[in-house]
Amino acid sequence: MAHRTIHWFRKGLRIHDNPALLAGLDGSKEFRPIFILDPHFVSSGLVGANRWRFLLESLQDLDNSFKTLGSRLYVLQGTPLDVLPRIFKEWNITRLTFEMDTEPYARQRDEAVCQLAAEHGVEVIQRVSHTLFVTSSVIRNNGGKPPLTYQRLQTVLSKMGAPAKPRDPPTKEAIHKCAVPIEADHGAKYGVPTLEQLGVKPIQEESLYPGGETEALRRMGEYLERKDWVCKFEKPKTQPNSLEPSTTVLSPYLKFGCLSPRTFYYGIQDVYREKKNYTKPPVSLEGQLLWREFFYTAAAGTPNFHQMVDNPVCLQLPWDNNTEFLEAWKYGRTGYPFIDAIMTQLRQEGWIHHLARHAVACFLTRGDLWISWEEGEKVFEELLLDADYSLNAGNWMWLSASAFFHQYFRVYSPIVFGKKTDPTGQYIKKYLPVLKKMPIQYIYEPWNAPRSVQEKAGCIIGQDYPRPIVDHAQVSKRNIGRMKEARACQANAKSDNKRPTEESQTTKTKSAKKSKKMK
DNA sequence: TTAACTGTTGGAAAC
DNA sequence: TGTTTCCAACAGTTA
């Protein structure tokens, strides 16, 4: 039987290595690729202008690809649960294909969609291609629990063999034989909307990192050509504050699935095969893809991964509520130029280096402001082009020493850390032009500049640029103490919970004595 | 010539 | 994928 199929793009905005798309084309007499855009989502403020633009550019690129293959992308406006039943009927659909998504929101949505499809007699095909491995298989191979250390993940993966090889994009013939003829008013009815049409005001005039599969593959190719660089890549040695990115900036493309992780993975393997020596995970380029896999697997196997409460892997901490501090951090007004420059780059460009994320995340949470990592998670979710449920939550827990990472006394200094790779503060001057004339010996701590120096630099601290909102030396010390206390408290609670079962033979008074001793 | 002093470096430990 | 402090070792300087 020949199908009338729609392939539903959500992530996976690409035609290369797209097994669900290929499955949709197979055995179809009618085929339409769709994307569902919910305009109500625009006003939610959850997605910043830069990422909206990235998405629209990616859709435009997808539409162009289908054009050359003899079809078009159908962009439909509304919610999936409204749009899908309508087009099931209108187009007489018999089959729906899409890429598997492990995020809780997506799972819930897809479950409802599967039910809807069943009601309409529509067959559903899902394929995994957003991660290197099938997260549920990794979890199964680890005894039903997600690996919670990188080492453990590597052990489990070593038993699972290599990731599946990427699939070729569909041929023109494969599409041609089932593409529905495009109507003259396709653009008006199903075209990709512009930013203006969505009512989104751009932050930058042009995209520093344009969205789309074409740009993703170009960018990947550009970096893979630098074979020495690929083989010598060590993430901790790359710079958080270089004027141009010191890493690939492929993360937004992986987030939206403009680039297949498997295509990138095998691209890296090809380079390694040519050279004798190359770096190894976790610091290598391949290792970065495995970090992504690590957090995807952890998130897929942990309830409430994006929040502290009812999240079994997350340390429970008594964070402060402090709107004033949070706003200062969010808008780059902490008075620490290194922190403020990073937050400015994030807002303007939608991408900051991994270690820059470390610096500002540590500052917001356990280092300085003692504000919940969930607040930072929300800000990153809005502003990052590569904002990704699993990686965002996982890394925020890591940096706040709430999960995965526990050496809470390792605190980044908002003054010292940036100096190592940018002693003259070029990065700060680029993003905070108000400090352009500040002499380099004061650029990381301008409040120490004598009044005459501030005047000469045209930047009075407390007037043209804020005074530091906290004294790092003071608050970081206090926060380490709070962290120590919270961890001791939790350790006690844990052993108290365990005791009755462990010592079921002994009397209650004995265990009470013991718990007193421990304090 | 050398003991005493100063400053730098690097490694370990503490936070 | 931290930073600071402390101390020993060492080199250079001084009286």
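Above this text you will find the structure in question.
Caption draft 1: How the structure looks around the layout of surface pockets. Taken as a whole, the largest pocket holds about 1200 Å³ of empty space. For the lining of the largest pocket, the elements supplying multiple residues, two or more each, are β1 (3-9), β2 (28-37), α2 (49-68), α4 (104-119), α12 (251-256), α15 (323-330), α18 (373-383) and α19 (389-399). Tallying contributions element by element places α18 first for the lining of the largest pocket, with seven residues. Per-class residue counts for the lining of the largest pocket are 19 nonpolar, six polar and 17 charged. Put simply, the second largest pocket is a space of about 970 Å³. Within the lining of the second largest pocket, the residues separate by chemical class into 24 nonpolar, nine polar and six charged. Counting contributing residues per domain, the lining of the second largest pocket is built from domain 2 (213-300) and domain 3 (323-472), each supplying no fewer than three.

Caption draft 2: Quick peek at helix α16 (residues 337-349). Compared with an ideal rise of 1.5 Å per residue, which puts 13 residues at 18 Å, α16 spans 17 Å between its outermost C-alpha atoms and is within 8% of the ideal. By the criterion of burial, α16 is predominantly enclosed, with 11 of the 13 residues buried. Residues of α16 that are buried in the fold lie against α2, α15, α17 (354-367), α18, α20 (416-419) and α21 (426-431). Looking one or two places after α16, you find G350, whose phi comes out positive at around 80°.

Caption draft 3: Highlighting α18. Among all positions in α18, only W373, G376, E377, V379, F380 and L383 are buried. Down the axis of α18, the buried set is contained in an arc of 165°. They therefore lie on one face. As for α18, its buried residues are in contact with α15, α16, α17 and α19. Capping the start of α18 is the job of one residue whose side-chain oxygen sits 3.0 Å from the backbone nitrogen of E374: S372.

Caption draft 4: How the structure looks around the environment of S284. Take S284: it is sitting in the loop between α13 (261-274) and α14 (285-300). Residue S284 is classed as buried on the basis of its relative accessible area of 0%. Spatially, the C-alpha atom of S284 lies 5.4 Å from that of F233, the residues being 51 residues apart in sequence. In this structure, S284 is in contact with F233, Y272 and T279, ignoring residues within four places of it in sequence. Among the polar contacts listed, one links the side chain of S284 to the backbone nitrogen of G287, at a separation of 3.0 Å.

Caption draft 5: Expanded view of the pairing of strand β4 (residues 95-99). With five of five residues buried, β4 is to be regarded as a mostly interior element. By the alternation rule, side chains of β4 split into R95, T97 and E99 and L96 and F98, which are all buried. Strand direction decides the pairing type here: β1 and β4, joined by four bridges, are parallel. The partner of T5 across the bridge, within β4, is R95. Bridge analysis of β4 against strand β5 (residues 123-127) gives five bridges, and the strand direction is parallel. Each bridged residue has a counterpart across the sheet, and for R95 the counterpart in β5 is E123. Once the chain exits β4 it traverses α4 before rejoining the sheet at β5, and the crossover so formed is right-handed.

Caption draft 6: Structural context of the protein's contact with DNA strand C. Around DNA strand C, a shell composed of K235, P236, H354, L355, F409, R410, V411, Y412, S413, V416, F417 and K420 is seen. Restricting the count to atoms of DNA strand C within 4 Å of the protein gives a sugar and phosphate share of 52%. Between F409 and DNA strand C, the recorded distance is 3.2 Å, taken from a backbone N or O atom to a base nitrogen. A distance of 2.8 Å separates a phosphate oxygen of DNA strand C from a polar atom in the side chain of K420. Of all the secondary structure elements, the ones that give two or more residues to the surface near DNA strand C are α17 and α20. The class makeup of the residues in the surface near DNA strand C is seven nonpolar, two polar and three charged.

Caption draft 7: Focus on the nonpolar core. Within the largest apolar cluster, 128 residues are counted, with the highest numbers of intra-cluster contacts made by L13, W52, L59, F264, W329 and M438. If you look at the next biggest cluster of nonpolar residues, it comprises 19 residues, including I6, V113, V180 and Y190.

Caption draft 8: Seen up close, the sheet that holds β5. As summarised here, the arrangement of the five strands in space is β3-β2-β1-β4-β5, forming an open sheet in which the pairing is parallel. Whereas interior strands pair on both sides, the edge strands pair on one side only; in this sheet they are β3 (74-77) and β5. Within the sheet, the average angular offset between the axes of one strand and its neighbour, ignoring direction, is 30°. Lying on the sheet, α4 is in contact with β1, β4 and β5; it crosses β4 at an angle near 165°.

Caption draft 9: A look at the packing of helix α6 (residues 150-158) against α14. Two elements in contact, α6 and α14, have axes separated by 10 Å at closest approach and are oriented at 95°. Comparing the axis directions of α6 and α14 gives the class roughly perpendicular. Of α14, the residues touching α6 (which contributes Y150, L153 and L157) are G287, L290, W291, E293, F294 and T297. Considered class by class, the residues forming the contact of α6 with α14 number six nonpolar, two polar and one charged.

Caption draft 10: Region of the structure containing the packing of α14 against α19. Packing of α14 against α19 brings their axes to within 8 Å, and their N-to-C directions diverge by 95°. It follows from the interaxial angle that α14 and α19 lie roughly perpendicular. Between α14, through W291, R292, F295, Y296 and A299, and α19, the contact on the second element is made entirely by Y389, S390, L391, G394, N395 and W398. Grouping the constituent residues of the contact of α14 with α19 by class yields seven nonpolar, three polar and one charged.

About the cut-offs
Residues numbered from 1 in each chain as written. Chains lettered and ligands numbered in written order. Predicted model: local features only at pLDDT ≥ 70, side-chain atom pairs only at ≥ 80, totals over all residues. Heavy atoms only, no water. 1 Å grid on protein atoms, 1.4 Å probe; cavity = no way out; pocket = protein on both sides within 12 Å on 5 of 7 lines; lining within 4 Å. Points joined across faces, edges and corners; volume = space filled by probe spheres on them. Helix = DSSP H or I, 4+ residues; strand = E, 2+ residues; numbered from the N terminus. Nonpolar A, V, L, I, M, F, W, Y, C, P; charged D, E, K, R; others polar. Domains from an automatic or database assignment. Expected span 1.5 Å × (residues − 1). Buried < 20%, exposed > 50% of the residue type's maximum accessible area, 1.4 Å probe, protein only. Contact = heavy atoms within 4.5 Å. Arc of directions from axis to C-beta. Polar contact = N/O pair within 3.5 Å; in protein donor to acceptor, adjacent residues only side chain to side chain. Pairing = 2+ DSSP bridges. Right-handed = clockwise from strand over helix to strand, strands pointing away. Near = heavy atom within 4 Å. Core = buried A, V, L, I, M, F, W, Y, C linked by side-chain atoms within 4.5 Å. Axes fitted to C-alpha atoms, helices over the stretch in contact; angles between N-to-C directions. Parallel < 35°, antiparallel > 145°, perpendicular 65-115°, else oblique.

What is shown is where atoms sit, not what they do.
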